[in-house]
Every structure is written in C-alpha cells, then in structure tokens.
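Residue-level listing of the chains:
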Amino acid sequence: MVASQRRVPFLSVLRRALLQVEGEIRWHEPLAPHTSLQIGGPADVFVIPSDVEDVIRVVQGARMSRIPLMVLGGTNVVIRDKGIRGIVMQLKQLTEIREEPNQLVYSQAGVRLPRLMQFALGRKLSGMEWAAGVPGTVGGGVAMNAGTRLGEMQDILQAIDFVTLHGIRKRIEASTVSFLYRKTMLPKGIVVGAWMQLTSAAKDTIQSATKQYLQYRKSTQPLTLPNAGSVFKNPSGDSAGRLIEVTGLKGLRVGDAEVSTKHANFIVNRGAATADQVLRLVRKVQDSVAIKFGVALQLEWKVVGER
Ligand code: EPU
C-alpha cells in the first residue's frame with residue numbers, strides 16, 4: 001500500500017481520537033525545533049495538553065483508537081529524519097510548582113529544571129544543586145532518573161504524579177520504585193508531576209554550589225552548540241568521554257554531526273546535521289572504542305521515529 005492510501009483514514013482516526021482535547025493540536029509538526037539537538041522529522045500530530053485532565057483525554061483517545069502515543073521532552077532524544085507516526089505530546093503547559101509543608105515541593109512535569117532550581121533557591125531549599133545546567137524538564141528527569149556526579153533525581157524524589165495508559169491518575173511512592181543509572185522502572189504511562197523532598201539551607205550555600213557547578217559544566221561541555229547531552233552512559237568504573245578522546249575521535253564528523261572537540265561524550269549539530277548522520281557517527285564511535293578498548297558503549301540517548 002502506498003503512503004497516501006494509508007494516510008487519509010489514519011488521519012481521520014487521529015482527528016476522532018483528539019476530538020475532546022482542549023489544548024493545542026498541530027498537524028504534521030516538524031519536531032526539530034522541539035529538540036535540543038535541532039534534529040527530527042515531523043509528528044503526524046503534535047499535542048500540547050492544557051492540563052492534566054487534558055493529558056488524560058489524549059491518553060484515552062489514543063488508547064481507544066489504538067494510536068501510538070509518545071511524550072517528547074526534547075533534550076535527551078534523537079528523532080529520526082522521517083519523524084514519528086501517531087501522537088507526540090509535549091507537556092509544556094504543565095507548569096505548576098508549589099511548596100507543601102515540611103520542605104516538600106510539588107512540580108508538574110513540564111517545568112524546566114532551571115526554573116525549579118530558581119523556585120527552590122527563592123525558598124532557601126537545598127537538594128536540587130546537582131541539576132545545575134541540566135536543561136531537561138521535571139517529567140523527563142523523573143522518567144530517566146536524570147543526574148550528574150553530584151546527585152540524581154532518585155535522591156530527592158518522594159512520589160510521582162502519574163497517568164496510566166488507561167487514563168487513571170495515581171500517586172506512586174518513590175519507595176516502591178526501582179531506580180537504575182539513568183533509568184526509572186515505572187509502569188507504562190505518563191509522569192505528570194513529582195513531589196521532591198528538599199531541605200532548608202542558607203541561600204548563599206545553595207547559590208555558590210550551583211554557580212561552581214555551572215562553571216564546571218560551561219568549561220567542560222559544548223553548551224553553546226545544539227546537543228542532546230551525554231551520548232553514552234559511562235561504562236562502570238570509567239568514563240565514555242575519556243575512552244572516546246583517547247581513541248582519537250574528538251572532532252570526527254559525519255556531515256554536520258561532530259564529536260565535540262570540548263567533551264568527547266557529546267555530539268554537536270554544526271548546522272544542518274540529520275539524524276542519519278548523527279546515528280552513523282554514533283556507530284563509528286562505538287566501533288572504534290570497541291576495537292581499541294573492547295568496551296561496548298551503551299547509548300544514554302533515546303532514539304525514536306522512522307528512518
Ligand atoms: N574526559 C575526557 N575527555 C573528554 C571528556 C571527559 O578525558 O572529552 C574525562 C574527564 O577529564 C573526567 C571524566 O572524563 O576525568 C569525566 O568527565 P566529566 O566530569 O565531564 O563527566 P562525565 O562523566 O563525562 C557526567 C554526566 C553529565 C554531567 C557531568 C558533570 C553521564 C553520562 N554524564 O559526565 O551529564 O553533566 O557528569 O556532572 O553520567 C547528561 O547526562 O546528559 C549529562 C550532560
């Protein structure tokens with residue numbers, strides 16, 4: 001069957017699935033501008049739910065019509081060049097943050113980590129300093145147990161505000177969840193918010209820890225060029241950046257995709273890189289490091305979409 005024959009009925013099914021949705025709906029939305037790497041083909045439909053109730057409407061619509069649904073955070077992901085079939089949902093309207101008793105902070109999933117850090121600093125709450133310079137959202141951070149050398153989401157997470165694929169909202173206690181390195185073992189569904197346990201501290205102490213850490217990242221990472229964060233997980237006891245640098249791969253390019261000359265575990269988009277170029281470069285790096293060190297580097301990025 002040719003694509004155009006399949007497309008018309010599929011689009012009408014999509015339209016029906018989203019009839020009740022109140023948020024923004026964009027058809028054939030290019031996804032590159034929604035990613036930090038600035039790469040990726042279009043989504044059949046891109047939805048920005050207006051609130052958690054609206055997320056539930058999208059989830060139920062997708063489920064009843066058997067349409068694939070994914071949530072796009074946009075910072076730790078590579079979207080292939082032909083884009084994503086079905087519904088891509090972005091939670092950027094879920095922006096509520098509030099302080100609860102006993103230094104507990106509730107944040108919705110669409111809040112960017114730097115904003116949450118500002119909120120905590122303003123209330124003299126410590127515990128988020130590890131996230132200085134991490135560009136993702138609270139939802140993405142919870143789902144992948146984001147972290148740095150200073151700490152990770154798991155250290156502060158008390159509970160997760162969650163919507164199951166049946167559209168049921170529930171609170172999942174962090175004590176019942178397993179956390180791995182850059183992976184949170186959650187059931188299938190959508191993180192719509194999180195409760196984080198912070199502690200009281202002097203504003204100066206929080207500010208200076210954050211500043212020092214931001215400076216370290218600025219001096220060691222290519223933060224001014226489009227990138228998707230660390231490419232590979234660190235192999236146990238070693239560092240992916242070190243292995244790639246010693247293999248002599250800094251500056252290696254496929255088209256406009258380049259192994260950063262500043263930090264070898266970053267791939268930067270020099271302007272017009274495609275996902276195909278980025279992923280070919282990833283394989284070259286994996287092959288060369290495997291030959292030199294016998295180490296199989298595992299991707300930290302999530303790769304999605306059609307080739
Ligand atoms: N190194 C090299 N060459 C390089 C890069 C690094 O030899 O080109 C060496 C450094 O000299 C250092 C070691 O590798 O001895 C570790 O480097 P770095 O301190 O930059 O940390 P990392 O392990 O590469 C991790 C996180 C980053 C986070 C930094 C700083 C992972 C996979 N990455 O990087 O997180 O910002 O620590 O805390 O754990 C991300 O996950 O997207 C991310 C950016």
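From a predicted model like this one, the values you see are computed outputs, not experimental measurements.

Domain boundaries assigned for the protein yield domain 1 (2–89), domain 2 (97–216) and domain 3 (222–304). Taking the mean C-alpha position of each, domain 1 and domain 2 sit 26 Å from one another. Each partner contributes to the roughly 1000 Å² buried at the junction of domain 1 and domain 2, and carbon and sulfur atoms together form 71% of this total. Connecting domain 1 to domain 2 are zero salt bridges. Remark: the boundary between domain 1 and domain 2 carries one residue pair in polar contact (both at pLDDT 80 or more).

So, on to the side chain of Asn76. Among the structural elements, Asn76 can be located in the loop between strand E3 (69–71) and strand E4 (77–79). The residues touching Asn76, leaving out its near neighbours within four places in the chain, are Met144, Ala228, Gly229, Glu300, Trp301 and Lys302.

Approximately 200 Å³ is the volume found for the second largest pocket. Along its surface, the second largest pocket is lined by 16 residues, and Pro114, Met117, Gln118, Leu121 and Thr210 are the ones closest to its centre. Partitioning the lining of the second largest pocket into residue classes produces ten nonpolar, four polar and two charged.

With respect to topology, three strands assemble into an open sheet ordered E17-E18-E19, the strand pairing being antiparallel. Looking at which strands have only one partner, the edges of the open sheet turn out to be strand E17 (253–254) and strand E19 (267–269). Where helix H7 (residues 275–293) meets the sheet, it contacts E17, strand E18 (257–259) and E19, and its direction lies at approximately 30° from that of E18.

Take helix H3 (residues 113–122) next. Buried within H3 we find Leu113, Leu116, Met117, Phe119, Ala120 and Leu121. Against the buried residues of H3 lie strand E6 (97–100), strand E7 (104–108), strand E8 (125–126), helix H4 (138–143), strand E15 (189–197) and helix H5 (203–220). Where H3 ends, the next residue or the one after it, Lys124, has phi of about 55°, a positive value.

Taken together, the neighbourhood of the ligand is formed by 22 residues, with Arg149, Tyr213, Tyr216, Arg217 and Glu245 sitting nearest. The contact in question runs from an oxygen atom of the ligand to an N or O atom on the side chain of Tyr216, over 2.4 Å. Contact distances for the ligand include 2.9 Å between an oxygen atom and a side-chain N or O atom of Gln221. Contact with the protein chains covers 81% of the free accessible surface of the ligand, which is 820 Å². Listing elements by their share of the shell around the ligand, those giving two or more residues are H5 and helix H6 (240–246). Considering only residue class, the shell around the ligand consists of six nonpolar, nine polar and seven charged.

Moving on, we get to helix H2 (residues 52–64). Residues separated by three or four positions in an α-helix point in the same direction, a consequence of the helix having 3.6 residues per turn. Between its first and last C-alpha, H2 extends 18 Å over 13 residues, near the 18 Å set by a 1.5 Å rise per residue. Two or three places before Glu53, at the start of H2, stands the capping residue Asp51, its side-chain oxygen 3.3 Å from that residue's backbone nitrogen. Phi turns positive one or two residues past the end of H2, at Arg66, with a value near 55°.

The rules we used
Residues numbered from 1 in each chain as written. Predicted model: local features only at pLDDT ≥ 70, side-chain atom pairs only at ≥ 80, totals over all residues. Heavy atoms only, no water. Domains from an automatic or database assignment. Buried area = accessible area lost by both parts, 1.4 Å probe. Salt bridge = Lys/Arg side-chain N within 4 Å of Asp/Glu carboxyl O. Polar contact = N/O pair within 3.5 Å; in protein donor to acceptor, adjacent residues only side chain to side chain. Helix = DSSP H or I, 4+ residues; strand = E, 2+ residues; numbered from the N terminus. Contact = heavy atoms within 4.5 Å. 1 Å grid on protein atoms, 1.4 Å probe; cavity = no way out; pocket = protein on both sides within 12 Å on 5 of 7 lines; lining within 4 Å. Points joined across faces, edges and corners; volume = space filled by probe spheres on them. Nonpolar A, V, L, I, M, F, W, Y, C, P; charged D, E, K, R; others polar. Pairing = 2+ DSSP bridges. Axes fitted to C-alpha atoms, helices over the stretch in contact; angles between N-to-C directions. Buried < 20%, exposed > 50% of the residue type's maximum accessible area, 1.4 Å probe, protein only. Near = heavy atom within 4 Å. Areas by Shrake-Rupley, 256 points an atom, 1.4 Å probe, with all protein chains shown as cover. Expected span 1.5 Å × (residues − 1).

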